[in-house]
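# Understanding the architecture of this molecule
The primary structure of each chain is shown beneath.
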Amino acid sequence: MEVEFKDPDLDKLEVDASFTAGFSEAIVKAYRKAMAHIRAAADERTFYQRKSFHYEKLVGDREGQHSMMLNKQWRLILELHGAAPRKTVYVVEITDYH
């Protein structure tokens, strides 16, 4: 899948080993692992298959977005645009759900 970033810091967080964007080492590691899975995925069905992601569609003011669990507290927010096989994942933010 193609990947775009709504926040340039999240792009930098994926590729710059010394950049943390203010997140803990555990969150950075989980984010980079999730990004590796996103980049390797053929489509979003792969996200549902990995149960540890708890991948889900969001509702309300976040309709059109999806969340992927990084740990019990932090979620990666994504948007999907386009049609298969050329879908693009937009990485929106890492957010605290508590």
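Just above sits the structure.
About the thresholds
- Residues numbered from 1 in each chain as written.
- Predicted model: local features only at pLDDT ≥ 70, side-chain atom pairs only at ≥ 80, totals over all residues.
- Heavy atoms only, no water.
- Salt bridge = Lys/Arg side-chain N within 4 Å of Asp/Glu carboxyl O.
- Buried < 20%, exposed > 50% of the residue type's maximum accessible area, 1.4 Å probe, protein only.
- Axes fitted to C-alpha atoms, helices over the stretch in contact; angles between N-to-C directions.
- Helix = DSSP H or I, 4+ residues; strand = E, 2+ residues; numbered from the N terminus.
- Parallel < 35°, antiparallel > 145°, perpendicular 65-115°, else oblique.
- Contact = heavy atoms within 4.5 Å.
- Nonpolar A, V, L, I, M, F, W, Y, C, P; charged D, E, K, R; others polar.

Right, let's get into the pattern of salt bridges. With the rule as written, the count across this model stands at five salt bridges. Taking the shortest distance from any N to any O, the salt bridge between Arg45 and Asp43 comes out at 2.5 Å. Classification of Arg45 by relative accessible area gives exposed; the value is 57%.

Moving on to the packing of helix α1 (residues 8-15) against helix α2 (residues 25-40). With their axes 9 Å apart at the nearest point, α1 and α2 run at an angle of 90 degrees to one another. With respect to each other, α1 and α2 are oriented roughly perpendicular. Here α1 contributes Leu10, Asp11, Leu13 and Glu14 to the contact with α2, which in turn contributes Val28, Tyr31, Arg32, Met35 and Arg39. Of the residues that constitute the contact of α1 with α2, the class distribution is five nonpolar, no polar and four charged.

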